[in-house]
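# A look at the structure
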Amino acid sequence: MAHQADAKKSLDERGYTGALIRGDNPLKLFEKAVRDRIVDSYYWKEQCFGLNAATLLDRAVELTFIGGTYGVAQKPTPFLCLAFKLLQLTPDKEIILFYLEQEEYKYLRALAAFYIRLAWEKDADVYTTLEPYLSDSRKLKRRIREGWALTHVDEFIDDLLLKNRVCATTLPKLNPRLFLEDEDRLEPRVSALGEELEELDHDDERDSASDGEVEELPNGHANGDGRPGSDGEVVSDEEMDGD
Amino acid sequence: MPPPSSRMTKNRPQPIRYRPGKAEVAEEASEDEESEQSDDEAAQEEVAAPRAPQPKATSFPSHNKLAVDLSKADQQTSAAPKSAPKKQDDDDLEGFVTASESSEEDEAGGSSDEEGADSSEEEEESSDDEPKKPMLRPTFISKAKRAQQATAQPQRSADDAAAEEERKRKEKADEMLQAQLERDAANRAAGRKAWDDDADINPEDEVDDTDGVDPEAERAAWKLRELKRVRRDRLAIEEKEKEREEIERRRNMTAEEREAEDKIYIDAQKEDREGKGQMGFMQKYHHKGAFFVGDEQDEEVQKVMNRDLAGARFVDETGDKGVLPEYMRIRDMTKLGKKGRTKYKDLKAEDTGRWGTELGNKRRDYDGLDDRFRPDERGGGGGEREQTGANAQPVGERRRREDDDGYRDRDGKRVRYD
């Protein structure tokens, strides 16, 4: 379809002909109230008019915080406005993956992750694409209703995968990972800590007198003797020297 | 031609009466007075600018008045309403050429003239008073003294001073505007966009998102988060496993074992319920509320919300409201003594229904009495019960006469043989 500068047609719900997400207008992923706030905001009107994927990149690298709506009047953040614009444009998968893979701009990465969680319909793809970024520990500034908060890229992605509502949007339903594992659509998650985790497990097993049974499942998964609490305690002793 | 008066009456305008609470509009009165005076002086202006109240068809704006620079659009609006009082002042001070009037004539001029005209026009209204005051007697100043005064005189005429002030004010405004524009441009250049005009971001609230400040600590924090996630996943798996095991177990038990387990569970529940206290007589029941429940609440909050209030007593509360007088037996003691309190206590007490309680309670006092002593029937009896007396027998069947077996006249009279 020809690229319309202001893409007004997609805001009008009647007669929408364009890419569908889950069978409906992509913009409907945001609630009506949030949509209204975005479209009435200055950022949208000034900066998001006539964007395409390339110019959106320019805007996205200038982002300095993530967030949903804030303040008494529910003002939308530029992050939210750009996400809305992405939904309007529905760019190709390659473009989004390109956004996601940019190491240099963490907010661009966060934006792409948000879009992926909203727009992609195959649960397994969402998990496999987003989980590698659970090892990205960079800080993100987040705008909350009153004030600011500090979060990290991996926390943000974890929220996207687990929570119901992130950044003023109700995320579409995603099957839990366990469900997908049971159906064999996904492999169990290999944590980025990989070897260290196994070491810790071995330490645990060595330390503990063998009261209960010790089961060893592949990937060092379940701590068979049912003492999950020891994991955290051991870590805090060994790792948190820097604090 | 009589001057068009706004009041459409020949009465002279009176000074405005004092009305409490209303602001006096003095200028109007004075203006009217002036127009009356100009009427008396009979000085008519041929050049009549269109006045705000009544434009005349014959009076078209004069050429020089129309020749206004259209680029000064904001000052244009001030021309029309200002010209009306201006014109009246001209009438008043005929022959008294002020600097403002002369500048008014060459109106193809710059802004300062317009401003000067406006300001001097304001000055005129105040300077109107001066001609009415008795003129000061001119005193003689010798040439030497005159020279001194000329040099030492910093003050010029009032009009010029006002014009000067106006110019200075304008300059200041221009400067401020310039500064503002520069600031905006600088901000935009520096990256703070115009839409992000949250000037009230407290620097203390600002969160620092620079990475690499302390790599060790950051790495450690990340490890901790990751481990927590892993642990969470494992716990979830274990929960599921336990569920499955439980289901299996119950399936494999026989029916009796299942019942035994259920009984234990129910008994435990009952004990919990009994462990709670008994509500006192007319104790107030506080509903916890159906919303704001669950894990989002603090633990402390949950504890407070779920505590057992049955039988709870607090200061001033009598354990049993039965010892109180009737008047004080209310559920909500805050309503005691308040005006408008009805005697309504609760539904049960106010209910007047019988609900089948008195169905069997017929009047039995007279059951054993003789007929003679029973009370009268309620409802008057059926009318059938009076069996005594001559009128008690029922009426018999009517006896028919012999001669009316056949046809008879309807009247029942005997047949006429005429």
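Residues numbered from 1 in each chain as written. Chains lettered and ligands numbered in written order. Predicted model: local features only at pLDDT ≥ 70, side-chain atom pairs only at ≥ 80, totals over all residues. Heavy atoms only, no water.

## Regarding the confidence of the model for chain B
Residue and element names in this part refer to chain B. Per-residue confidence for chain B gives a mean pLDDT of 71, with 57% of residues at or over 70. Looking over chain B, one finds the lowest element-wise mean pLDDT in helix H5 (residues 111-127), namely 46, and the highest in helix H9 (residues 215-252), namely 91. Low pLDDT, under 50, characterises residues 76-87; the stretch is placed with 18 contacts to residues that sit more than four places away or in other chains. Segment residues 105-127 is flagged for pLDDT under 50; beyond a separation of four residues in sequence, or across chains, it makes 37 contacts in the model. (pLDDT = per-residue confidence, 0-100. Helix = DSSP H or I, 4+ residues; strand = E, 2+ residues; numbered from the N terminus. Contact = heavy atoms within 4.5 Å.)

## Some points on a negative patch on the surface
Taken together, the side chains of B:Asp267, B:Glu271, B:Asp272 and B:Glu274 present a region of like negative charge at the surface. We classify B:Glu274 as exposed; its relative accessible area is 60%. (Patch = residues over 30% accessible without salt bridge, like charges linked within 9 Å, V, L, I, M, F, W, Y side chains within 5 Å. Areas by Shrake-Rupley, 256 points an atom, 1.4 Å probe, with all protein chains shown as cover. Salt bridge = Lys/Arg side-chain N within 4 Å of Asp/Glu carboxyl O. Lys, Arg positive; Asp, Glu negative; His and termini not counted. Charge placed at Lys NZ, Arg CZ, Asp CG, Glu CD. Buried < 20%, exposed > 50% of the residue type's maximum accessible area, 1.4 Å probe, protein only.)

## Regarding the sheet that holds strand S5 (residues 147-152) of chain A
All names here are of chain A. With mixed pairing, 3 strands are arranged side by side in an open sheet as S1-S4-S5. Looking at which strands have only one partner, the edges of the open sheet turn out to be strand S1 (66-67) and S5. One ladder, built from 6 bridges, connects strand S4 (residues 139-144) with S5; its direction is antiparallel. Bridge assignment links Arg 142 to a residue of S5, and that residue is Ala 149. (Pairing = 2+ DSSP bridges.)

## Focus: a positive patch on the surface
On the surface, B:Lys263, B:Lys270, B:Arg273, B:Lys276 and B:Lys288 cluster together to form a positively charged patch. Looking at where B:Lys276 falls in the secondary structure, it is placed in the loop between helix H10 (255-275) and helix H11 (299-305).

## Things to note about the packing of helix H4 (residues 53-61) of chain A against helix H5 (residues 78-89) of chain A
All names here are of chain A. Viewed as axis vectors pointing N to C, H4 and H5 meet at an angle of 170°, and their least axial separation amounts to 11 Å. By the angle between their directions, the pair H4 and H5 is classed as roughly antiparallel. Judged by residue contacts, Ala 53, Leu 56, Arg 59 and Ala 60 of H4 engage Leu 82, Lys 85, Leu 86 and Leu 89 from H5. (Axes fitted to C-alpha atoms, helices over the stretch in contact; angles between N-to-C directions. Parallel < 35°, antiparallel > 145°, perpendicular 65-115°, else oblique.)

## Observations regarding the nonpolar core
Residues A:Phe30, A:Leu56, A:Phe79, A:Leu82, A:Phe114 and A:Phe156 are the most contacted members of the largest nonpolar core, which totals 57 residues. Contributions of two or more residues to this core are made by helix H2 (32-40), helix H3 (42-47), H4, H5, helix H6 (93-101), helix H7 (106-119), helix H8 (123-130) and helix H9 (153-162) of chain A. For this core, the element with the most residues is H7(A), which contributes 11 residues. The contacts of A:Phe114, once residues within four sequence positions are left out, are A:Phe30, A:Phe79, A:Leu80, A:Ala83, A:Leu160, A:Val166, A:Cys167, A:Thr169 and A:Leu171. Counting residues in each nonpolar core, the second largest holds 6 residues, with A:Leu197, A:Leu200, B:Leu227 and B:Val230 among its members. (Core = buried A, V, L, I, M, F, W, Y, C linked by side-chain atoms within 4.5 Å.)

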